[in-house]
Amino acid sequence: MALKTLSAKAAAALDKELMSTGAFSIDQLMELAGLSVSQAVYRVHPVNKGRRVLIAVGPGNNGGDGLVAARHLRHYGYAPTIYYPKRPKNDLYQRLTKQLEALDIPFTDDFPAALKSTDHVVDAIFGFSFSGEVREPFPAVIEAMTETTVPVTSVDAPSSWNIEQGPPKSGVGSSFNPDVLVSLTAPKPLIKFFKGRHFIGGRFVTPAIARKYDFDLPEYEGIDQVVEVGPNGQKL
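Along each chain, residues carry numbers from 1 onward, in the same order as the chain's sequence is written. Totals for whole chains, interfaces and linings use all residues, but because this is a predicted model, local features are given only for residues with pLDDT of at least 70 and pairs of side-chain atoms are given and counted only at 80 or more. As a convention, hydrogens and water are excluded, and side-chain values are obtained from all of the structure's heavy atoms.

(A) Up close: the side chain of R71. Topologically, R71 is positioned in helix 3 (residues 61-76). Polar contact is the term for a pair of N or O atoms within 3.5 Å; when the atoms are in protein, one must be able to donate a hydrogen and the other to accept it, and sequence-neighboring residues count only if both atoms are side-chain atoms. For R71, the side chain forms a polar contact with the side chain of Q99, separated by 3.0 Å. Contacts: residue pairs with any heavy atoms within 4.5 Å of one another. Excluding residues within four positions of it along the chain, R71 makes contact with E31, L96, Q99, L100 and L103. Segments assigned H or I by DSSP are reported as helices when at least four residues long, segments assigned E as strands when at least two residues long, and all are numbered from the N terminus.

This is how it looks when you write it as structure tokens:
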């Protein structure tokens, strides 16, 4: 039986509720989301398969999740590299960046070159709120992730995909289908177009909020922050 999905509108409302009646700060939610992503990467690409992880970071919250994931991956023994071409002046993102610099995690301005010498890619460019056209410098990055043979893990949504309708019909991202997807909080409608390994992460939602927004909480085991489900969200 497939898990219920969460629309873009509902996902945005849920985020607001978590930070109001849920009493979470955005820092907490980003930390838990990034931790989930790091655990999914550890599951699909353990350190002994190659330590080098290239993380493509966008300017919004999805990018913040990627920055947090990079810190955790560094502590797990990986050697992350960050591609972060559009850095917000927001204090939160600046602190996350400083934490990575303190761990001597390198930043690169040349994604295609870094892609040639990595073992795994994390796509943390655009999340569930993305709409419209992909703007520079990200078209070439998404095309490179489409064409590479290096495994790619996307955070919440494959970048360029519409949350409801999946990949664009043509142009940038139309052929992009990453190897792994980490749906945060709950799967989004786009999963019906996804063909790879699928995880749900974000172990912070109360049963009451899940009932209110009509989605299923996965059964996390022990200290796990992620649960693997079928490509379309069905329970394994």
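(B) Up close: the sheet that holds strand 6 (residues 180-184). What makes two strands pair is DSSP finding at least two bridges between them. Strands sit in the order 3-2-1-4-5-6-7-8 across an open sheet of 8 strands; the sheet is mixed. Since the sheet does not close on itself, it has two edges, and those belong to strand 3 (107-108) and strand 8 (226-229), each with one partner. For strand 6 and strand 7 (residues 197-201), the ladder comprises 5 bridges, and the chain directions are parallel. Pairing of L181 across the sheet is with H198, part of strand 7. Inter-axis angles, ranging from 0 to 180 degrees, are taken between N-to-C directions of lines fitted to C-alpha atoms, where helices are fitted over the stretch in contact. Against the sheet, helix 3 makes contact with strand 1 (52-57), strand 2 (79-83), strand 4 (120-124), strand 5 (152-155) and strand 6, and its axis sits at roughly 160° relative to strand 1, the strand it touches most.

(C) Spotlight on the packing of helix 3 against helix 4 (residues 91-102). Taken N-terminus to C-terminus, the directions of helix 3 and helix 4 make an angle of 25°; their axes are 9 Å apart at the nearest point. What the angle tells us is that helix 3 and helix 4 run roughly parallel. Helix 4 is crossed by helix 3, and the crossing has left-handed handedness. Packed against helix 3, whose contacting residues are N61, G64, L67, V68, A70 and R71, the element helix 4 presents Y93, L96, T97, Q99 and L100 at the interface. Under the grouping applied here, Gly and all other residues not named as nonpolar or charged are polar, the nonpolar ones being Ala, Val, Leu, Ile, Met, Phe, Trp, Tyr, Cys and Pro and the charged ones Asp, Glu, Lys and Arg. The residue makeup of the contact of helix 3 with helix 4, split by class, is 6 nonpolar, 4 polar and 1 charged. An angle counts as roughly parallel when it lies under 35 degrees, as roughly antiparallel when it exceeds 145, as roughly perpendicular when it falls between 65 and 115, and as oblique in every other case. Helix crossings get a hand from a simple test, with the near helix turned counterclockwise from the far one by less than a right angle marking a left-handed crossing and a clockwise turn marking a right-handed one.

(D) Representation of the UniProt feature "domain: YjeF N-terminal" (unreviewed entry) in the protein in the model. UniProt positions are given in the numbering used here, feature names are shortened, and annotations may be inferred rather than shown by experiment. Those places that UniProt annotates as "domain: YjeF N-terminal" (unreviewed entry) correspond, in this numbering, to residues 11-217. What you have in residues 11-217 is 37% helix and 15% strand, and the ends, taken at the C-alpha atoms, are 14 Å apart.

(E) Representation of the UniProt feature "binding site: K(+)" (unreviewed entry) in the protein within the structure. Per the UniProt record, "binding site: K(+)" (unreviewed entry) is annotated on N62, D123 and S159. Across 98 residues in sequence, these annotated residues keep their C-alpha atoms within 9.9 Å of one another, forming a single compact spot. Locating N62 in the fold gives a position in helix 3. The contact partners of N62, leaving out residues within four places of it in the chain, are D123, A124, I125, F126, G127, V155 and D156. When you line up the elements, D123 lands in strand 4.

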